[in-house]
Amino acid sequence: MASDTLALLIDGDNASPKIVTGLLAEIANYGVAIVKRINGDWTGPNLKGWNDCLLKHSIQPVQQFACTTGKNATDGAMIIEAMDLLYTGRFSNFCIVSSDSDFARLAARP
C-alpha cells in the first residue's frame with residue numbers, strides 16, 4: 001500500500017454519494033486521504049442524500065451559500081481551498097471529484 005498523503009475535495013453540487021465507497025477504495029491504492037471534504041450549499045434539499053455517507057466515511061461538509069443561481073460559488077471555493085492545501089506542502093496528491101469541467105485547469109497545473 002502506498003504511503004502518499006492525499007487531499008480529497010468533492011463538489012457536492014456535481015457528485016453523487018453512490019460513488020463514495022468505490023472512490024475511497026480507489027484512493028487507498030494511491031495513499032491515505034488525510035483531508036476529506038465536500039463543498040456545497042447544505043441549506044438546500046439537493047445535498048440531503050449525503051448526510052449518512054458523510055458520517056460513515058468521515059467526510060467534512062463545507063458550507064458554500066448559493067448567493068445567486070447559475071453561478072459557480074462552490075467551484076471557486078474549492079479551487080481556493082485546493083490551492084491553500086497545496087501550499088501547506090502536506091500533500092503528495094489531490095483527488096478532485098466533480099462531473100463538470102471547471103476544474104480542468106486546476107487538475108492540469110504542474
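Residues numbered from 1 in each chain as written. Predicted model: local features only at pLDDT ≥ 70, side-chain atom pairs only at ≥ 80, totals over all residues. Heavy atoms only, no water.

(A) A look at helix α1 (residues 20-28). Among all positions of α1, only Val20, Leu23, Leu24 and Ile27 are buried. The buried residues of α1 occupy an angular sector of 95° when the element is viewed end-on, so they sit on one face. The elements touched by buried residues of α1 are β1 (5-11), β2 (32-40), α2 (51-57) and β4 (93-97). (Buried < 20%, exposed > 50% of the residue type's maximum accessible area, 1.4 Å probe, protein only. Helix = DSSP H or I, 4+ residues; strand = E, 2+ residues; numbered from the N terminus. Arc of directions from axis to C-beta. Contact = heavy atoms within 4.5 Å.)

(B) The arrangement of the sheet that holds strand β3 (residues 60-63) in detail. Taken together, the four strands give an open sheet; going across it, the order is β3-β2-β1-β4, and neighbouring strands pair in parallel fashion. The open sheet terminates on both sides in strands that have one partner only, identified here as β3 and β4. With strand direction ignored, the average angle separating the axes of adjacent strands in the sheet is 20°. In this sheet, β4 lies alongside β1 in parallel orientation, the contact comprising five bridges. Bridged to Leu6 within β4 is Asn93. Packing against the sheet, α1 makes contact with β1, β2 and β4, and its axis sits at approximately 155° to β1. Contacts from helix α3 (residues 73-86) reach β1, β2, β3 and β4 within the one sheet, and its direction differs from that of β1 by about 170°. (Pairing = 2+ DSSP bridges. Axes fitted to C-alpha atoms, helices over the stretch in contact; angles between N-to-C directions.)

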